[in-house]
Amino acid sequence: AQSVTQPDIHITVSEGASLELRCNYSYGATPYLFWYVQSPGQGLQLLLKYFSGDTLVQGIKGFEAEFKRSQSSFNLRKPSVHWSDAAEYFCAVGAYYGGSQGNLIFGKGTKLSVKP
Amino acid sequence: NAGVTQTPKFRVLKTGQSMTLLCAQDMNHEYMYWYRQDPGMGLRLIHYSVGEGTTAKGEVPDGYNVSRLKKQNFLLGLESAAPSQTSVYFCASSYRKGAGVGQETQYFGPGTRLLVL
């Protein structure tokens, strides 16, 4: 069955430090991978997505993610974190659901706190 | 262009009461989805729709019903609310691409916070 694992429930980094959020997926075929961000009290906003091609994808707000098929991973990175990046981050894989249609399977999320 | 909107933003229900959550999108998307979000659980798919007049069950459909009478609207109903349905509900929509095999970027509404006492 398709699944997404985000091993870190909560991460705290200092402002200006680099960030890496981990995501591992389980899917039999080539996955379609997404990272979403949710600010407190808000809906989810797409940061970036991987469908095919270059395994390093750039997103909004200075985020990037690298697809590594051998490790079944799609980790999210940012070289320098800003206080406004404090939010919850969700990794998702697009997969079959119900046998015919595509849907998203979400990880349980990683909450990011930023220290001044 | 408002994107995806949800009504109401917040609601308190008593056990056994019924209500309908409304989702509307103005992007002419084919697909629409209802999720619930609970602490430590991420988002779980309740029901989804691949077009007007069609609906299908997701991961956690029990206790909910849906309807898609118009392409732009997707309604989520609770016939007899239970405390276990206390959650934040998100609606999303997406284009249909090819076979629709999870390629679509989903656009989310702001959420409806529901408390069942």
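Right above here is the structure, for reference.
Bear in mind that the values here come from a model prediction, so they are computed numbers and not experimental data.

### Some points on the overall build of chain B
Argument step 1. From N to C terminus, chain B includes 0 helices and 11 strands.
Argument step 2. Element order for chain B, N to C, with α for helix and β for strand: β-β-β-β-β-β-β-β-β-β-β.
Argument step 3. Since a compact globule built from 117 residues should have a radius of gyration of about 13 Å, the 14 Å found for chain B is in line with a globular shape.
Argument step 4. Along the longest, intermediate and shortest principal axes, the C-alpha atoms of chain B span 45 × 25 × 25 Å.

### Observations concerning the packing of aromatic side chains
Argument step 1. One pass over the structure, following the stated rule, counts 16 aromatic pairs over all chains.
Argument step 2. Geometrically, the ring pair formed by A:Phe63 and A:Tyr89 is tilted, given 5.6 Å between the ring centres and 45° between the ring planes. Here A:Phe63, found in the loop between strand E7 (56-58) and strand E8 (64-68), pairs with A:Tyr89, found in strand E10 (residues 87-97); they are 26 residues apart in sequence, far enough to count as distant.
Argument step 3. Overall, the relative accessible area of 0% leaves A:Phe63 in the buried class.
Argument step 4. By relative accessible area, A:Tyr89 is classed as buried at 1%.
Argument step 5. Among the aromatic residues, those joined into a ring-pair cluster are A:Tyr32, A:Phe34, A:Tyr36, A:Phe51, A:Phe90, A:Phe106, B:Tyr31, B:Tyr33, B:Tyr35 and B:Phe108.

### Section: the side chain of A:Gln38
Argument step 1. Turning to its location among the elements, A:Gln38 is positioned in strand E5 (residues 32-38).
Argument step 2. Those residues in contact with A:Gln38 that sit more than four places away from it in its chain are A:Gly43, A:Leu44, A:Ala87, A:Glu88, A:Phe90, B:Gln37 and B:Phe90.

### Some thoughts on the side chain of B:Ser94
Argument step 1. Within the secondary structure layout, B:Ser94 lies in strand E9 (residues 87-94).
Argument step 2. Excluding residues that lie within four positions of it along the chain, B:Ser94 makes contacts with B:His29, B:Glu30, B:Tyr31, B:Tyr33, B:Glu104, B:Thr105 and B:Gln106.

### With respect to empty space enclosed by the protein
Argument step 1. Taken as a whole and judged by the stated rule, the model has 1 cavity of 30 Å³ or more.
Argument step 2. Lining the largest cavity are A:Val37, A:Ser39, A:Lys61, A:Phe63, A:Ser84, A:Asp85, A:Ala87 and A:Tyr89.

### Digging into the pairing of strand E3 (residues 19-25) of chain B
Residue and element names in this part refer to chain B.
Argument step 1. Alternating positions in E3 separate cleanly, Met19, Leu21, Cys23 and Gln25 being buried on one face and Thr20, Leu22 and Ala24 remaining unburied on the opposite face.
Argument step 2. Bridge analysis of strand E1 (residues 4-7) against E3 gives 4 bridges, and the strand direction is antiparallel. Opposite Val4, over in E3, you have Gln25 as the bridge partner.
Argument step 3. Two strands pair when backbone bridges link them, and E3 and strand E8 (residues 73-78) are joined in this way by 6 bridges, in the antiparallel orientation. Its bridge partner being in E8, Met19 is matched across the sheet by Leu78.

### A look at the state of the cysteines
Argument step 1. Across all of its chains, the model carries 2 disulfides over all chains by this definition.
Argument step 2. Each sulfur of the disulfide joining A:Cys23 and A:Cys91 lies 2.0 Å from the other. Between A:Cys23 and A:Cys91 the disulfide shows an S-S torsion of about -65°. By sign, it is left-handed. In this pair, A:Cys23 is assigned in the loop between strand E3 (19-21) and strand E4 (24-26) and A:Cys91 in strand E10, connecting sequence segments 68 residues apart.
Argument step 3. One disulfide bridge connects B:Cys23 with B:Cys91, the sulfur atoms lying 1.9 Å from each other. Disulfide B:Cys23-B:Cys91: torsion about the S-S bond near -75°, hence left-handed. Placement of the pair is B:Cys23 in strand E3 and B:Cys91 in strand E9, with a sequence separation of 68 residues.
Argument step 4. Exposure remark for B:Cys91: the relative accessible area of 0% places this residue in the buried category.

### Quick word on a nonpolar patch on the surface
All names here are of chain B.
Argument step 1. A cluster of nonpolar residues, Phe10, Val12, Leu115 and Leu117, forms a patch on the protein surface that exposes about 360 Å² of accessible area.
Argument step 2. In this fold, Leu117 is placed in the segment after strand E11 (112-116).
Argument step 3. With a relative accessible area of 58%, Leu117 lands in the exposed category.

Rules used throughout
- Residues numbered from 1 in each chain as written.
- Chains lettered and ligands numbered in written order.
- Predicted model: local features only at pLDDT ≥ 70, side-chain atom pairs only at ≥ 80, totals over all residues.
- Heavy atoms only, no water.
- Helix = DSSP H or I, 4+ residues; strand = E, 2+ residues; numbered from the N terminus.
- Rg over C-alpha atoms; globule rule 2.2 N^0.38 Å.
- Phe/Tyr/Trp six-rings, centres within 6.5 Å; stacked < 30°, edge-to-face > 60°.
- Buried < 20%, exposed > 50% of the residue type's maximum accessible area, 1.4 Å probe, protein only.
- Contact = heavy atoms within 4.5 Å.
- 1 Å grid on protein atoms, 1.4 Å probe; cavity = no way out; pocket = protein on both sides within 12 Å on 5 of 7 lines; lining within 4 Å.
- Points joined across faces, edges and corners; volume = space filled by probe spheres on them.
- Pairing = 2+ DSSP bridges.
- Disulfide = S-S within 2.5 Å.
- Patch = residues over 30% accessible without salt bridge, like charges linked within 9 Å, V, L, I, M, F, W, Y side chains within 5 Å.
- Areas by Shrake-Rupley, 256 points an atom, 1.4 Å probe, with all protein chains shown as cover.
- Salt bridge = Lys/Arg side-chain N within 4 Å of Asp/Glu carboxyl O.

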